[in-house]
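# Survey of secondary and tertiary structure
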Amino acid sequence: MKENPSIGQLNTQRCRRIWWSMAAAFALLCTALSARAELSIEITHGADNPTRIAVVPMTLPGGQLPGDISAIVSADLDRSGLFRTMARENMLGFPRSTAEIRHHDWSVAGIEYVVVADVQRPAAGRIKVTFSLAQVAGQRQVFTKFIEGSDNELRDIAHYISDTVFEAITGIRGAFSTRIAYVTATAEGGARVYRLLVSDADGARERLMLKSKQPILSPRWSPDGRELVYVSFETRRPAVFRQRLSDAQREQVTNFRGLNGAPAWSPDGRSLAMVLSKDGNPEIYLYSFASKAFTRLTNHFAIDTEPTWTPDGKALLFTSDRGGAPQIYKLTLGSNQLTRVTFNGSYNARPQLAADGRTLVMVHRGGSGGFVIASQDLVTNDFRLLTQSALDESPTVAPNGAMVMYTSRQGRRTVLAVVSVDARARFVLPSQSGDVREPAWSPFLK
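Residues numbered from 1 in each chain as written. Predicted model: local features only at pLDDT ≥ 70, side-chain atom pairs only at ≥ 80, totals over all residues. Heavy atoms only, no water.

### What to know about the overall build of the protein chain
We apply this condition: Put simply, DSSP H or I for four residues or longer makes a helix, DSSP E for two residues or longer makes a strand, and each gets a number counted from the N terminus. Only protein chains enter the accessibility calculation, which uses a 1.4 Å probe; a residue whose area is less than 20% of its type maximum is buried, one above 50% is exposed, and one in between is partly exposed. Contacts: residue pairs with any heavy atoms within 4.5 Å of one another. Each accessible area value is a Shrake-Rupley result obtained with a 1.4 Å probe; residue values ignore everything except the protein chains displayed when judging cover.
In terms of helices and strands, the protein chain carries 4 helices and 30 strands. Burial analysis of the protein chain (446 residues in total) assigns 52% to the buried set. The long-range fraction of contacts in the protein chain, counting pairs at least 24 apart against all pairs at least 6 apart in sequence, stands at 47%. When the accessible surface of the protein chain is summed, it comes to about 19600 Å², and 48% of that surface belongs to carbon and sulfur atoms.

Encoded structure:
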C-alpha cells in the first residue's frame, strides 16, 4: 500500500527532531574529562552465594613479570559476580602446582577452588604459564593447561586463564578476552571533542579509533571482531562509516540527506541493516557490501529504527511506534512476515539479542516513568527487570549471553554499567571523570 505523503512528511520531520535532539542531548550530557582516561571498575553487587576461589600469585622464579597475572585473573572472576576471590594476604601458602596444595588448609578457609601456576621464560621477552585448577572438596585436579605469549600479551594471557577457569566451573564460555567499544566526550578549548574508543572488556588498554568535533553514535562490531561501523556527524549530517581496527582505514557507507543511522552488521558479515529516511520516512534498509545496493525492508508511515539481527541471520528485530508507542517487532526476511514481540508496558526499545537467539534485552519504561534495562525470554515470554535506575540506556549483550552492558546515570555523570542476565550481579566502569556512552560488546575474538 502506498504511503500517505502527508503522514510520511510529518514523521520524517518528527524523526529528524528526535535524531538531532538525541545528538544535542548527548553533547549536553557530556562534561569535561581527561583526553585519555581508562575505565575503572567498581563492583556494586555480587551473587548471593558466590563461589569462593583462590588465585595464588603467579611469579617468575628469579625474575620479574611486566604485570600481575593473578591480580588480573582475580579481578576478572570477581567482576563476573559469580566468584569471590581470596585476598593474597589471607593465604596460608603459595603453591605452584596441585601437588603442593594443602587441601585441608584451604577447606578450613572456606575456599572451594584453587588456581596455581608455574611461570617460565622459554625465550627472552616470552612468558609461558602452566596453570591448574583444583577443587578442594575431594582434592581433585580439574585441569592443567598452558598458555604462552610475549610480555606485551600478558593481559591476554591473564584473560585466557580467567576464561578457562570460568568455563570449567560454570559451564559458560568466559568473555574476559573480548573487547568493548564506546564513546567519550571532552571539553577542550571551549569545544566538544568526541572519541570512539576500544578497550579490553575490563576497560584496560584503551585505544583511540576516531577523534571528532562532531557526535559519534551507535558503534557496532563486525562478526569477526576486526571492524566497526558507526554513525558520525563529521559531514554535518549523520553518516554511516565502516572502519578497520588494525590500521584505522575507513570507508563512508552512506551520504543521504536526512537520517543515516543505527547500523547493524549481519551475522555473515556481508551486509548491514540500518535506518534511512532518504525516501521521506525513517525505514529499515539492507545494504550489501558486494553490490553496494540498498534494499528497503519496511514501508510504513511510523518510525522504524534500531534494527538488530537474529543470530541465524534470517530475521531482524527493530523498534517501531506503528502501534502508537515504541515497541519491538520482528521482521522475517524472505517472507516479510511481521510480528510484534513486546507487550509489557508502553515503551520498549533498543532491542539486543543474546547469542542463543532466545534472550531479548531492551530499554523499558518502568512504572515510575524512568528507563531501565529489561529482558524477555522469546520462548516463554517471561519478562524481567534487570536494573532499577531512572535513566539506563544502550544495552549490549556479552557474546556468552551472561552479562549486559549499558549506560547509567551516576550522580551527574553517565557511566558504563554491567548486570548479569539473572540480575544478581552488577558493577560499573566509570571513567576518571566525565561521561562514557554508546557501548558495544565485541564477539568472541579468535
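### A short note on the nonpolar core
Cut-off, in case you're wondering: Definition used in this section: a nonpolar core is a set of buried Ala, Val, Leu, Ile, Met, Phe, Trp, Tyr and Cys residues joined via side-chain atoms within 4.5 Å.
Membership of the largest hydrophobic core comes to 27 residues, with the highest contact counts inside it found for Ile53, Met58, Ile69, Leu77, Val129, Ile161 and Val165. For this core, the element with the highest residue contribution is helix α4 (residues 154-170), accounting for 6 residues. The next biggest cluster of nonpolar side chains, apart from the first, holds 16 residues, and it includes Ala181, Tyr194, Ile216 and Ala239.

### So, the sheet that holds strand β10 (residues 216-221)
Note the cut-off: Strands are treated as partners if at least two bridges between them are detected by DSSP. Axis angles are defined between N-to-C directions and span 0 to 180 degrees, where every axis is a line fitted to C-alpha atoms and, for a helix, only to the segment in contact.
Pairing is antiparallel in the open sheet, where 4 strands are placed in the order β10-β11-β12-β13. The open sheet has two free edges, formed respectively by β10 and β13 (250-252), since each of these has just one partner strand. Shown here is a sheet whose adjacent strand axes are inclined to one another by a mean of 20°, direction ignored. Across 3 bridges, the pairing between strand β12 (residues 239-244) and β13 is antiparallel.

### A few points about the layout of surface pockets
Spelled out, the test is: Put plainly, a pocket is an open set of points on a 1 Å grid over the protein atoms alone with protein on both sides within 12 Å along at least five of seven lines, a cavity is a set where a 1.4 Å probe fits but cannot get out, and a lining residue has an atom within 4 Å of a point. Grid points are joined across faces, edges and corners, and a volume is the space filled by probe spheres set on the points. For this classification, the nonpolar set comprises Ala, Val, Leu, Ile, Met, Phe, Trp, Tyr, Cys and Pro, the charged set comprises Asp, Glu, Lys and Arg, and every other residue, Gly included, is treated as polar.
Taken as a whole, the second largest pocket holds about 630 Å³ of empty space. What lines the second largest pocket is a set of 25 residues, among which Asp156, His159, Ser177, Thr178 and Leu445 lie closest to the centre. Going through the elements one at a time, β6 (140-150), α4 and β8 (191-200) are the ones with two or more residues in the lining of the second largest pocket. Ranked by the residues each element gives to the lining of the second largest pocket, the list is headed by α4, at 7 residues. Class assignment of the residues belonging to the lining of the second largest pocket gives a composition of 7 nonpolar, 7 polar and 11 charged.

### Considering the pattern of salt bridges
Let me state the cut-off plainly: Each reported salt bridge corresponds to a side-chain nitrogen of Lys or Arg within 4 Å of a carboxyl oxygen of Asp or Glu.
Within this structure, the stated rule accounts for 22 salt bridges. In this structure, the salt-bridge partner of aspartate 200 is arginine 205, at a minimum N-O distance of 3.0 Å. The exposure class assigned to aspartate 200 is buried, which follows from its relative accessible area of 5%. Aspartate 279 is the salt-bridge partner of arginine 296, the closest N and O atoms lying 3.8 Å from each other. Residue arginine 296 is located in strand β17 (residues 294-296), and its partner aspartate 279 is located in the loop between β15 (271-276) and β16 (283-288); the two are separated by 17 residues in the primary sequence. Taken together, the salt bridges that share partners define one network made up of Arg155, Asp156, Asp200, Asp202 and Arg205.

### Some details on the packing of helix α2 (residues 69-79) against α4
Pairs of packed helices are described in terms of their axes, by the angle between the two and the distance that separates them. Going by this rule: Note that the term roughly parallel is reserved for angles under 35 degrees, roughly antiparallel for angles over 145, roughly perpendicular for angles of 65 to 115, and oblique for everything else. In this scheme the crossing of two helices becomes right-handed for a clockwise turn of the near helix relative to the far one and left-handed for an anticlockwise turn of less than a right angle.
Running from N to C, α2 and α4 point in directions that differ by 45°, and their axes come no closer than 9 Å. The angle between α2 and α4 falls in the class oblique. In the crossing of α2 with α4, the sense of the turn from one axis to the other is right-handed. Judged by residue contacts, Ile69, Ile72, Val73, Asp76 and Leu77 of α2 engage Leu154, Arg155, Ala158, His159, Ile161, Ser162, Val165 and Phe166 from α4. When its residues are assigned to classes, the contact of α2 with α4 shows 9 nonpolar, 2 polar and 2 charged.

### So, the side chain of serine 218
Positionally, serine 218 belongs in strand β10. By relative accessible area, serine 218 is classed as buried at 12%. In contact with serine 218, not counting residues within four places along its chain, are Val229, Tyr230, Val231, Ala262, Pro263 and Glu438.

### Looking at the sheet that holds strand β23 (residues 359-365)
Ordered in space as β22-β23-β24-β25, the 4 strands form an open sheet in which the pairing is antiparallel. For this open sheet the edge positions go to β22 (348-353) and β25 (383-385), each flanked by a neighbour on one side alone. Between one strand axis and the next, the sheet turns through 25° on average, direction left out of account. Examined bridge by bridge, β23 and strand β24 (residues 371-377) share 7 bridges and lie antiparallel to one another. Pairing of histidine 364 across the sheet is with valine 372, part of β24.

### Structural notes on the packing of aromatic side chains
Test applied: Only centres within 6.5 Å qualify two rings of Phe, Tyr or Trp (six-membered ring in Trp) as a pair; their planes then separate them into stacked at under 30 degrees, edge-to-face at over 60, and tilted for everything else. In this analysis the charged atom, NZ for Lys or CZ for Arg, is taken to sit over a ring once it is within 6 Å of the ring centre and within 35 degrees of the ring normal.
For the structure on display, the rule yields 11 aromatic pairs. An angle of 75° between the planes, with centres 5.1 Å apart, marks the rings of phenylalanine 256 and phenylalanine 294 as edge-to-face. Taken together, the residues span a long stretch of sequence, with phenylalanine 256 in the loop between β13 and β14 (260-265) and phenylalanine 294 in strand β17 at a distance of 38 residues. Looking at phenylalanine 294, the relative accessible area reads 25%, which means it is partly exposed. Cation over ring: lysine 145 sits above phenylalanine 143, and NZ or CZ is 5.4 Å from the ring centre. Its end group placed over the ring of phenylalanine 444, arginine 173 keeps NZ or CZ at 3.7 Å from the ring centre.

### What about the environment of threonine 298?
Heads up, the condition is: Between N or O atoms, a polar contact is any pair within 3.5 Å; within protein, one atom must be a potential hydrogen donor and the other a potential acceptor, and residues adjacent in sequence are included only when both atoms are from side chains.
Here threonine 298 shows up in the loop between β17 and β18 (304-309). Sequence separation between threonine 298 and asparagine 336 is 38 residues, and the spatial gap between their C-alpha atoms is 8.7 Å. In this structure, threonine 298 is in contact with Glu283, Ile284, Asp304, Phe318, Arg322 and Leu331, ignoring residues within four places of it in sequence. Within the structure, the side chain of threonine 298 is placed 2.9 Å from the backbone nitrogen of isoleucine 284, a separation counted as a polar contact. A distance of 3.2 Å separates the side chain of threonine 298 from the side chain of aspartate 304, its partner in a polar contact.

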